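# An overview of the molecular structure
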Amino acid sequence: MAACVLIALPACSSNKSPSNDAKATVSPSASPSATKSLDPSEAAEAEAVKAYSGYWREMERAYAAADVDASKLKDYANGVALVKAQVDTERMKKKGSTLSGGVTITNATVTRLDDSKKLLKAELSSCLDVTKWISLDKEGKPVALPSTRVTKYVATATMERWTDGWRVLTAQPHADQPC
């Protein structure tokens, strides 16, 4: 997913540290709180959505620093999602580029919950708005991006609940599906 985000937002450069105000914004409907009235499936879905929001918050931090280790992304991602972020941030670091600002997640919804195996699995869909995610060059100046770029599009993820919380295993932007 990160690679596609970087395609949509050409990498720019800066050696600035991550912004303290970088936070993935989730609409109120996208982050239902788990309450005592929720059944186990609803509670699991709410936890998955919350973890997905955390994943994007940490992606912002990793991309702002061009370094996964500058974030807590490993607490929210594993597998392909984590490897893509590591590759992308390493590529950004070599170019001296970063991303500033943040993403907004709306309509985050668990589209499938599978409890048939030892580990609970979920598929999630959301609208990812990268309008405020700005590419910066080596001097920390914004890079002009094409006016035709898609800034709001569907993003999907596969997730797995581990003993210490949900992990995003794959994250895929669908820039051909505006939302």
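One structure accompanies this document, and this report is about it.

Thresholds, definitions, all that
Residues numbered from 1 in each chain as written. Predicted model: local features only at pLDDT ≥ 70, side-chain atom pairs only at ≥ 80, totals over all residues. Heavy atoms only, no water. Helix = DSSP H or I, 4+ residues; strand = E, 2+ residues; numbered from the N terminus. Buried < 20%, exposed > 50% of the residue type's maximum accessible area, 1.4 Å probe, protein only. Contact = heavy atoms within 4.5 Å. Salt bridge = Lys/Arg side-chain N within 4 Å of Asp/Glu carboxyl O. Expected span 1.5 Å × (residues − 1). Polar contact = N/O pair within 3.5 Å; in protein donor to acceptor, adjacent residues only side chain to side chain. Disulfide = S-S within 2.5 Å. Axes fitted to C-alpha atoms, helices over the stretch in contact; angles between N-to-C directions. Parallel < 35°, antiparallel > 145°, perpendicular 65-115°, else oblique. Left-handed = near helix turned anticlockwise from the far one by under 90°.

### Notes on the overall build of the chain
The number of helices and strands found in the chain is three helices and seven strands. In sequence order, the chain lays out its α and β elements as α-β-α-α-β-β-β-β-β-β. With 179 residues in all, the chain has 44% of them scored as buried. In the chain, the proportion of contacts linking residues at least 24 apart, taken out of those at least 6 apart, comes to 69%.

### Remarks on unusual backbone geometry
Positioned with a positive phi, Ala66 is a non-glycine residue whose angle comes to about 55 degrees. Unlike most non-glycine residues, Asn107 shows phi in positive territory, near 55 degrees. Of note, Asn107 is situated in strand β3 (residues 104–114). Residue Asn107 is classed as exposed on the basis of its relative accessible area of 52%.

### Digging into the pattern of salt bridges
Counted by the stated rule, this structure contains eleven salt bridges. Of the charged contacts in the structure, one is a salt bridge between Lys74 and Asp69, with a shortest N-O distance of 3.1 Å. Where Asp129 meets Lys152, a salt bridge forms, and the shortest distance between an N and an O atom there is 3.9 Å. You can see Asp129 sitting in strand β4 (residues 121–129) and its partner Lys152 sitting in strand β6 (residues 152–162), a full 23 residues away along the chain. Look at Asp129 and you get buried, because its relative accessible area is 16%.

### With respect to helix α2 (residues 40–65)
Taking 1.5 Å per residue as the helical rise, α2 with its 26 residues ought to reach 38 Å, and the 37 Å between its terminal C-alpha atoms agrees with that figure. A distance of 2.9 Å separates the backbone nitrogen of Ser41 from a side-chain oxygen at the start of α2, and that oxygen is part of Asp39.

### Topic: the state of the cysteines
Under the definition given, this model contains one disulfide. Disulfide pairing is shown between Cys127 and Cys179; the S-S distance is 1.9 Å. Across the S-S bond of Cys127 and Cys179 the torsion is about 85 degrees, and the bridge reads as right-handed. Remark: Cys179 occurs in the segment after β7 (165–178) and Cys127 occurs in strand β4; sequence separation between them is 52 residues. On the basis of relative accessibility, which here comes to 42%, the residue Cys179 falls in the partly exposed class.

### Notes on the packing of α2 against helix α3 (residues 79–95)
Between α2 and α3, whose axes approach to 10 Å, the crossing angle comes to 20 degrees. By the angle class used here, α2 and α3 are roughly parallel. Crossing angle aside, the handedness with which α2 passes α3 is right-handed. Two secondary-structure elements touch here, α2 through Tyr55, Met59, Ala62 and Tyr63 and α3 through Ala81, Ala85, Asp88, Thr89 and Met92.

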